[in-house]
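Next come the chains, spelled out residue by residue.
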Amino acid sequence: MQPVTTEPVQTAPAARTVFELPCTGYAKAVNALGSFGHHVTDAKSPFSGSWHLGEDVWLPAGTEVRAIADGVVRYSAFSPTWTDAKGVVHWNLGNVIVIEHALDPPLEKESAVCSLYVHLASDRRVQVGERVTRGQVLGRIGADRSEENGR
C-alpha cells in the first residue's frame with residue numbers, strides 16, 4: 001500500500017486584472033470641478049445642469065498616456081464637434097481611445113470594463129483590435145483649448 005501524501009497540490013496563482021493610473025502625476029492633477037460625478041451648476045457653461053462623467057486631469061500637453069490594464073482596443077479615432085437639431089453644440093472629445101479590459105475575477109457578473117481616454121493629441125499609437133498591455137503608451141495629452149483637446 002502506497003502512503004497518502006498530505007502536501008498541497010501546487011497550482012498556478014490566480015490571474016488578477018491589475019489596474020494603474022494612466023499618467024505620471026495623475027492623482028495630483030485631477031481637477032475637483034472636472035471630477036467624475038460633479039454636477040455642473042454654472043449657468044454660463046454649455047454643460048449647465050449636466051453631470052461630468054469623466055475626470056479632467058490638468059497635465060502638460062504631450063504628457064504620455066498609458067493603458068490602465070491589459071486589454072483590447074475597441075475604438076481609436078477623432079471625435080468631432082457636432083450640432084443637434086435644436087442648434088445645441090456638443091463639444092468634441094478630440095482624439096479618443098477606448099480599451100476593453102477583461103475582469104478576472106468577474107465583478108458582480110460583469111466580465112469586462114472599458115477605459116476611455118479623450119482629449120488626446122493626434123498621434124494615437126494604437127488601432128482597433130490591437131491588444132495592449134498595462135503601462136503601454138497609447139498617445140499623449142493634446143494641447144489645451146485646441147481642436148484635438150475639445151476646445
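Residues numbered from 1 in each chain as written. Predicted model: local features only at pLDDT ≥ 70, side-chain atom pairs only at ≥ 80, totals over all residues. Heavy atoms only, no water.

Undergrad: Can you walk me through the overall build of the protein chain in this structure?
TA: Across its full length, the protein chain carries one helix and eight strands. Going residue by residue from the N terminus, the α and β elements of the protein chain occur as α-β-β-β-β-β-β-β-β. In the protein chain, buried positions account for 28% of the 151 residues. Of the accessible surface of the protein chain, which amounts to about 10500 Å², a share of 57% is contributed by carbon and sulfur atoms. (Helix = DSSP H or I, 4+ residues; strand = E, 2+ residues; numbered from the N terminus. Buried < 20%, exposed > 50% of the residue type's maximum accessible area, 1.4 Å probe, protein only. Areas by Shrake-Rupley, 256 points an atom, 1.4 Å probe, with all protein chains shown as cover.)

Undergrad: I tried to follow a nonpolar patch on the surface on my own but got confused; where do I start?
TA: Taken together, the side chains of F36, W51 and L53 define a hydrophobic patch exposed on the protein surface, amounting to about 440 Å² of accessible area. Looking at the secondary structure, you find F36 in the loop between α1 (26–29) and β1 (64–66). Judged by its relative accessible area of 59%, F36 falls in the exposed class. (Patch = residues over 30% accessible without salt bridge, like charges linked within 9 Å, V, L, I, M, F, W, Y side chains within 5 Å. Salt bridge = Lys/Arg side-chain N within 4 Å of Asp/Glu carboxyl O.)

Undergrad: Before we go on, may I ask you to explain the sheet that holds strand β6 (residues 110–120) in this structure?
TA: Pairing between the strands of a sheet is mediated by backbone hydrogen bonds and can be parallel or antiparallel. Reading across the sheet, the four strands line up as β6-β5-β2-β7 and stay open at both edges, with antiparallel pairing between neighbours. Both edges of this open sheet fall to β6 and β7 (131–132), since each of them pairs with a single strand only. Alignment of strand β2 (residues 71–79) against β7, held across two bridges, turns out to be antiparallel. Of the residues in β7, the one forming a bridge with G71 is V132. (Pairing = 2+ DSSP bridges.)

Scope: geometric values only; no functional claims are made or implied.
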